[in-house]
Amino acid sequence: MTKLALSDEILMTVDKPSRYIGHELNMVVKDPKQVDIRIAMCFPDVYEIGMSYLGIQILYDMFNRREDTWCERVYSPWPDLDRIMREQSIPLFSLESQTPIREFDFLGITIQYEMCYTNILQVIDLSGIPLFSTDREKSDPIVIGGGPCTYNPEPIADFFDIFYIGEGEARYGELFALYKEYKHSDMSRKDFLLRAAGIEGMYVPSLYTVSYHPDGTVESITPAEDGVPKQVKKVIVTNFEEAPYPMKPVVPFLRATQDRVVLEVMRGCIRGCRFCQAGMIYRPTRQKPVELVESYVDTMLQNTGYDEISISSLSTSDFEGLPRLMDYLVEKIDREHVQVSLPSLRVDAFSLDVMQKVQDIHKVSLTFAPEAGTQRLRNVINKGLTEEDILGGVEQAFRGGWNKVKLYFMMGLPTETPEDVEGIPELCEKISEVYFDTVPKEERVGSLSITASASYFVPKPFTPFQWAPMLDRKTYLSHAGHAKDHFRQQKNAKRMRFMYHDEDISLIEGIYARGDRRLSALVLEVYRQGGIFDAWTEFFSMDRYRNAVEKLGIDTSFYLTRERSPEEVFPWDHIDCGVSKAFLAGEWEKAKREETTGNCRERCSGCGAAGFFEGGCPVMS
């Protein structure tokens, strides 16, 4: 048995010690002497969150299929252990072999959310790796980042050697072959990075120079060395059917946020919502054959012991094999008492029929995401959902026996007016009226409950709203207060509950989301002041950020509340997500005119993603 990095005394004093001991079901163990490449895959958040992320499970399985590679896992230590490790100089370690991270060849960090940036520094620092890439030597691991935040990695560019732009299944083989040559030769670290930059999808930030105009906007982002590409294009899996998928995912000791078998059925989304970064950067949409997904089910259930399955995609209702898959799963529900979770469903008859099948006995809340309270604003964001769709959908749900509805909205969307804000409670009131008009009094079981939740809209790179100003804090709180007051005025207000998200965390997210390389200083300063787990309300400190902003002389309005001009060079313009800037600019202009764009199956909108395939976009084939 592997000796644990933490003593029994330490494990007995920290919360949930099973976060740190490894030895879970399906964990991969190899002989370190028999492999040439060791990778520590990190999710920079607590174990329960990181173990829920499908991307690391896919890469963990894919890397460990290689005879020359051993991939292990590491997560951010919770603040109680963080303190002990610093006090006792205990280096951060992997779960599988309990080996210090500094002894690995690669530290791979998935970057899902801007508010994890200080945790990235926590992981690098506790590992004993120099924080800045320019300070690292050949003996240090290559720190590589992946995930959605790498589409604008500039605020953390100084801390990474490489960013992998795109889907992990596509190009790691080439990078590993180059690394083995580097490892067993006198090739310098810089020479390795120069050659790595020549592999499609690999962005080496230290090899690019950024210059700025006097007004603070970016003037240019240019290669600092010959042979470095001017633009880094994302890489994708073109043969999605043959992409590796983990049949024996690691099963955590304690309950993770997503503690179930996960079936990925589709990547990308056909809808084109203008606020949604994922819908743009994961284009084009690709689906797995339904018979392949079915073949996963029995194997994964048997290999994990789970009794629950979750379907994973950005818009599950748009998976063309869903009717057949649901028939298959419903049979499994009846025969083996397996539970099925179906996120990302639209408000339509088919989706509700599916929900009826999988929740026939215990009807939990139905969740809809209108995103905006008025049709005008839903057209602006290209939601593709009408009030008739919403009310028709909830009517069918009420007839089917549901009486609890959750609705998700955003506040601060471009062009939002007080009337749009009032539309949120007014839509909830219309839904309540549908319930009382639809369900006879004698047939009502329990009471109607409508929960509306509003998040603070953050404009993201590679969306049509990347040019838009973010609503300032005072106006957001004013809109939220106005919505709350308007809820109280509704006839069925007692049946409704309204919540809105913390404004301060969203503001920092907004600064980072469209930030430039100069913000590395902000991440570092907040970390030095003790900032970790900023995504967690109980650990986030706005005072810490205010102090750092004041110390560094950062104008937050420059990043948040100004509208970008059509000609502005963005900090991420040297990265190509496959969707053209011209297309996004056209969608921004259509948003201002309140015009909609049809989904990809109705008509190709010419976004540019078809360029990944010689035969054209697979959505239209």
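Above this text is the structure in question.
Trainee: Can you walk me through the overall build of the protein in this structure?
Mentor: In terms of helices and strands, the protein carries 20 helices and 19 strands. Of all intrachain contacts in the protein linking residues separated by at least 6 positions in sequence, the fraction that spans at least 24 positions is 77%. Approximately 25300 Å² of the protein is accessible, and the part contributed by carbon and sulfur atoms is 49%.

Trainee: How do you make sense of the packing of helix α13 (residues 387-399) against helix α14 (residues 418-438) when you look at a structure like this?
Mentor: Describing two packed helices takes the angle between their axes plus the distance from one axis to the other. Packing of α13 against α14 brings their axes to within 9 Å, and their N-to-C directions diverge by 40°. In this view, α13 runs oblique relative to α14, as classed from their interaxial angle. Our pair here, α13 against α14, has a crossing hand that is right-handed. Between α13 and α14, the residues in contact are Glu387, Ile390, Leu391, Val394, Glu395, Phe398 and Arg399 and Leu427, Lys430, Ile431, Val434, Tyr435 and Thr438, respectively.

Trainee: Can you help me understand the packing of aromatic side chains in this one?
Mentor: To describe a pair of aromatic rings, one takes the distance between the centres and the angle between the planes. The full count for this structure, using the stated rule, is 36 aromatic pairs. Note on Tyr117 and Tyr512: the rings are 5.1 Å apart at their centroids and 50° apart in plane angle, and the pair reads as tilted. With a gap of 395 residues between them, Tyr117 in helix α5 (residues 117-126) and Tyr512 in helix α16 (residues 503-513) connect regions that are remote in the sequence. Its relative accessible area of 1% is what places Tyr117 among the buried residues. A residue is classified by how much of its surface remains accessible, and Tyr512, at 1% relative accessible area, is buried. Residues Phe533 and Trp536 carry aromatic rings whose centres are separated by 6.4 Å and whose planes lie at 75° to one another, so their mutual orientation is edge-to-face.

Trainee: How do you make sense of the sheet that holds strand β15 (residues 366-371) when you look at a structure like this?
Mentor: Strand-to-strand pairing in sheets goes through backbone hydrogen bonds, with the strands running parallel or antiparallel. Overall, parallel pairing links the 4 strands, which are arranged β15-β16-β17-β18 in an open sheet. In this open sheet, the two strands that pair with only one neighbour each are β15 and β18 (496-500). With direction set aside, neighbouring strand axes in the sheet form an average angle of 20°. Here strand β17 (residues 449-456) runs beside β18; their pairing, made up of 5 bridges, is parallel. Bridging from a neighbouring strand, Ser453 pairs with Met499 of β18. Seen against the sheet, helix α15 (residues 473-488) touches β16 (404-411), β17 and β18 and runs at an angle of roughly 175° to β18.

Trainee: What is the right way to look at the environment of Ile505 in this model?
Mentor: Structurally, the position occupied by Ile505 is in helix α16. Here the alpha-carbon distance between Ile505 and Leu6, two residues 499 residues apart in the chain, equals 33 Å.

Trainee: Just to check I follow, could you spell out the environment of Gly393 for this structure?
Mentor: With respect to the secondary-structure elements, Gly393 resides in helix α13. Sequence spacing of Gly393 and Lys16 is 377 residues, and the spatial spacing of their C-alpha atoms is 42 Å.

Trainee: Please clarify how the packing of α14 against α15 should be interpreted in this entry.
Mentor: The contact between α14 and α15 brings their axes to 9 Å, and the two run at 35°. For the pair α14 and α15, the crossing hand works out as right-handed. For the pair α14 and α15, contact is made by Pro418, Val421, Glu422, Ile424, Pro425, Glu426 and Cys428 and by His479, His482, Ala483, His486 and Phe487, respectively. Taken together, the residues of the contact of α14 with α15 sort by class into 7 nonpolar, 3 polar and 2 charged.

Trainee: Explain α15 here, please?
Mentor: An α-helix turns once every 3.6 residues. As a result, residues three or four positions apart point the same way. Across its 16 residues, α15 extends 23 Å between first and last C-alpha, which sits within 8% of the 22 Å expected from 1.5 Å per residue. Turning to α15, its buried residues are Tyr476, His479, Ala480, Ala483, His486 and Phe487. On an axial view of α15, the arc spanned by its buried residues comes to 125°, and they lie on one face. Opposite the buried face of α15, by more than 90 degrees, sit the exposed residues Lys474 and Arg488.

Trainee: Please explain the pairing of strand β3 (residues 106-110) as it appears in this structure.
Mentor: Looking along a regular strand, one sees the side chains alternate between the two faces of the sheet. Buried residues dominate β3, accounting for 5 of its 5 residues. Because side chains alternate across β3, one face comprises the buried residues Phe106, Gly108 and Thr110, and the other comprises Leu107 and Ile109, equally buried. Of the strand pairs in this sheet, strand β1 (residues 37-43) and β3 are connected by 4 bridges, and their pairing is parallel. Within β3, the position partnered with Ala40 by the bridge is Leu107. Summarising the sheet, β3 and strand β4 (residues 142-146) pair through 5 bridges and their orientation is parallel. Residue pairing in the sheet places Gly108 in a bridge with Ile144 of β4. Between the parallel pair β3 and β4, the chain is carried across by α5, and the sense of this crossover is right-handed.

Trainee: Can you walk me through the nonpolar core in this structure?
Mentor: Soluble globular proteins tend to bury their nonpolar side chains together. Formed by 168 residues in total, the largest nonpolar core has its most connected members in Leu107, Ile162, Leu175, Phe192 and Leu522. Among the elements that take part in this core, α14 stands out by supplying 7 residues, more than any other. Aside from chain neighbours lying at most four places away, what touches Leu175 is Phe106, Ile144, Ile162, Phe192, Ala196, Ile199 and Met202. Judged by nonpolar contacts, the second largest core, of 30 residues, contains Val251, Tyr306, Leu322 and Val340.

Procedures and definitions
- Residues numbered from 1 in each chain as written.
- Predicted model: local features only at pLDDT ≥ 70, side-chain atom pairs only at ≥ 80, totals over all residues.
- Heavy atoms only, no water.
- Helix = DSSP H or I, 4+ residues; strand = E, 2+ residues; numbered from the N terminus.
- Contact = heavy atoms within 4.5 Å.
- Areas by Shrake-Rupley, 256 points an atom, 1.4 Å probe, with all protein chains shown as cover.
- Axes fitted to C-alpha atoms, helices over the stretch in contact; angles between N-to-C directions.
- Parallel < 35°, antiparallel > 145°, perpendicular 65-115°, else oblique.
- Left-handed = near helix turned anticlockwise from the far one by under 90°.
- Phe/Tyr/Trp six-rings, centres within 6.5 Å; stacked < 30°, edge-to-face > 60°.
- Buried < 20%, exposed > 50% of the residue type's maximum accessible area, 1.4 Å probe, protein only.
- Pairing = 2+ DSSP bridges.
- Nonpolar A, V, L, I, M, F, W, Y, C, P; charged D, E, K, R; others polar.
- Expected span 1.5 Å × (residues − 1).
- Arc of directions from axis to C-beta.
- Right-handed = clockwise from strand over helix to strand, strands pointing away.
- Core = buried A, V, L, I, M, F, W, Y, C linked by side-chain atoms within 4.5 Å.

These figures capture arrangement, not role.
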